[in-house]
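So you can see what is in the structure, the chains are spelled out below.
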Amino acid sequence: MKIDLRNLCQGYGKTEILHGLNASLDTGQVIALLGPNGSGKSTLIRTMSGLMTPTSGNVLLNGKNLQDISLAERAKLISYVPQSFSYMPYTTVLNTVLAGRNPHMGWEPSETDLNIVARSLDIMGLGEFAERNINELSGGQRQRVFIARALSQTPVFFLFDEPTSSLDMKYQLETMKKMYSIVHDQNVGLIIALHDINLAMRYADRVILVRNGRIFAEGAPYQVITESSILNVYGVKTTITENEHGRFILAYDSV
Amino acid sequence: MSQSVIILGGVVIGYLFQAGVTALKYLSDDGALREITVWLMGGMWGASWTSVMLLLPIVLVCFLVTYSHSKDFNSMSGGDDVAKSLGVDVEKFRFRSLIIMTLCTSACIAFTGIIGFIGLMAPHICRILIGNDQRYLIPASALMGGLVLLISDSVGRVIIAPAELPVGVIMYIIGGIFFVYLIWTGQGRRIE
């Protein structure tokens, strides 16, 4: 299964944010969207999720226009984790994650639904918090709950908008590592907007570098993430080093 | 729509309707003025089996329709974007829910007058007691609303017996104390 962007334009009011993007995004890959603030990453993720209708051009899911697929059907294929979260107090972690099964389940969750929820909680290390109210958790724990909800939705594509921003270093790495395994083991797709270029270098199979609503470069991380491309897109001077664990970027000055 | 816009919208609409009520009072004769005043205080004087039979089908249909969408209400707790990504047509759902709630509330109020705070207190008490799963919260809130009204009305009937204090007055007192308590204990921060 794949998502195709065909000359995709998107904007708010008269301000155009995305200018004619073309790309083909396949399952079985972690695809990182990189770019500075305001470059259009979140808008692109929301448009690919079907939350925004393109001003022109198309988002195709397996050749079919996303807007022509019913919301109920779309919810089984795409799960979305937003940048900022809202939640209802007094909702347990279990019920929050169970909401991810809503597109699949009837009135009561089946044994399968509960197993999937339990597995999602385990993957995100939340088993012991299942009966806790979500308002009693820290920001990072809550973020893990919302990722677990997306996991329990068992979609074909995960669309994550900065899901690791509130997580500490350990959980950032663990979350990315687990998502990498899920993507490759289950042949699903993860399209993830990131600010941490090192996470993208380490876990992305493919990187799309966005600048001013246009794709500046795309390809394998080692091809796209270079000192000159980062200077061009972010206006930051960097050094890329390599050791036995992989490639790493160090930012040392802004231009 | 932001929360502040909703709150300001509510305040503005409240003033507009207040202007309408004031105009009605001004234009009414003595008998009608008394009836308006009593209705605005809210009470159970109009309670009769005829009014129950008239209200029952409306309330029952509204309840069943709302209850059947419990899952969608659960999805909505994650915000509009998440609800939409979970398959809820947010705009349609919100509009339909508003119509149903308005129909149900206005039908009840037509018989009882304005009795405040029940709609705020009952769900909040239930949320504290049983959590936020709407499959249980909606019926529990409906029962709790009835229970709170029953207790308040009973208090109103005995507190200055043989005279009777309108239940609306009792509700404002209890509701006020309840929310001051929530704010005082810090739980008010969780009212969203």
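Cut-offs used in this document
Residues numbered from 1 in each chain as written. Chains lettered and ligands numbered in written order. Predicted model: local features only at pLDDT ≥ 70, side-chain atom pairs only at ≥ 80, totals over all residues. Heavy atoms only, no water. pLDDT = per-residue confidence, 0-100. Core = buried A, V, L, I, M, F, W, Y, C linked by side-chain atoms within 4.5 Å. Buried < 20%, exposed > 50% of the residue type's maximum accessible area, 1.4 Å probe, protein only. Helix = DSSP H or I, 4+ residues; strand = E, 2+ residues; numbered from the N terminus. Contact = heavy atoms within 4.5 Å. Buried area = accessible area lost by both parts, 1.4 Å probe. Salt bridge = Lys/Arg side-chain N within 4 Å of Asp/Glu carboxyl O. Polar contact = N/O pair within 3.5 Å; in protein donor to acceptor, adjacent residues only side chain to side chain. Expected span 1.5 Å × (residues − 1).

**Student:** Account for the confidence of the model for chain B, with residues named and values stated.
**Tutor:** On average, residues of chain B score 87 in pLDDT, and 95% of them are at 70 or above. Reported for the predicted complex are a pTM of 0.85 and an ipTM of 0.87.

**Student:** Now, about the nonpolar core: what can you tell me, with residues and values included?
**Tutor:** Side chains of nonpolar character tend, in soluble globular proteins, to be buried together. Residue and element names in this part refer to chain A. The biggest cluster of nonpolar side chains holds 47 residues, and the ones touching the most others in it are L34, F158, F160, L190, I192, L194 and I225. At 6 residues, the largest contribution of residues to this core is made by helix 5 (residues 139-152). The contact partners of L34, leaving out residues within four places of it in the chain, are K41, L194, I197, A200, V207, I208, L209, V210, I225 and Y234. Among the nonpolar cores identified, the runner-up in size contains 26 residues, and L44, V59, L61 and I191 belong to it.

**Student:** Can you tell me about the interface of chain B and chain A, naming the residues and giving the values?
**Tutor:** Of the residues lining the interface, 28 residues belong to chain B; the matching set on chain A comes to 29 residues. With both chains or domains summed, chain B and chain A bury close to 2,500 Å², and 55% of this area falls on carbon and sulfur atoms. Across the chain B-chain A interface, the total number found is 2 salt bridges. For R135 of chain B, the salt bridge goes to E108 of chain A, with nearest N and O atoms at 3.4 Å. Linking chain B with chain A are 11 residue pairs in polar contact (both at pLDDT 80 or more).

**Student:** Just give me the short version of helix 6 (residues 90-112) of chain B, but keep the residues and values in it.
**Tutor:** All names here are of chain B. Counted at 1.5 Å a residue, the expected span for helix 6 with its 23 residues is 33 Å, and the 32 Å between its end C-alpha atoms agrees. Check the buried side of helix 6 and you find it contacts helix 3 (49-68), helix 4 (70-76) and helix 5 (80-85). Of the residues flanking the end of helix 6, it is G113, one or two places downstream, whose phi is positive at about 80°.

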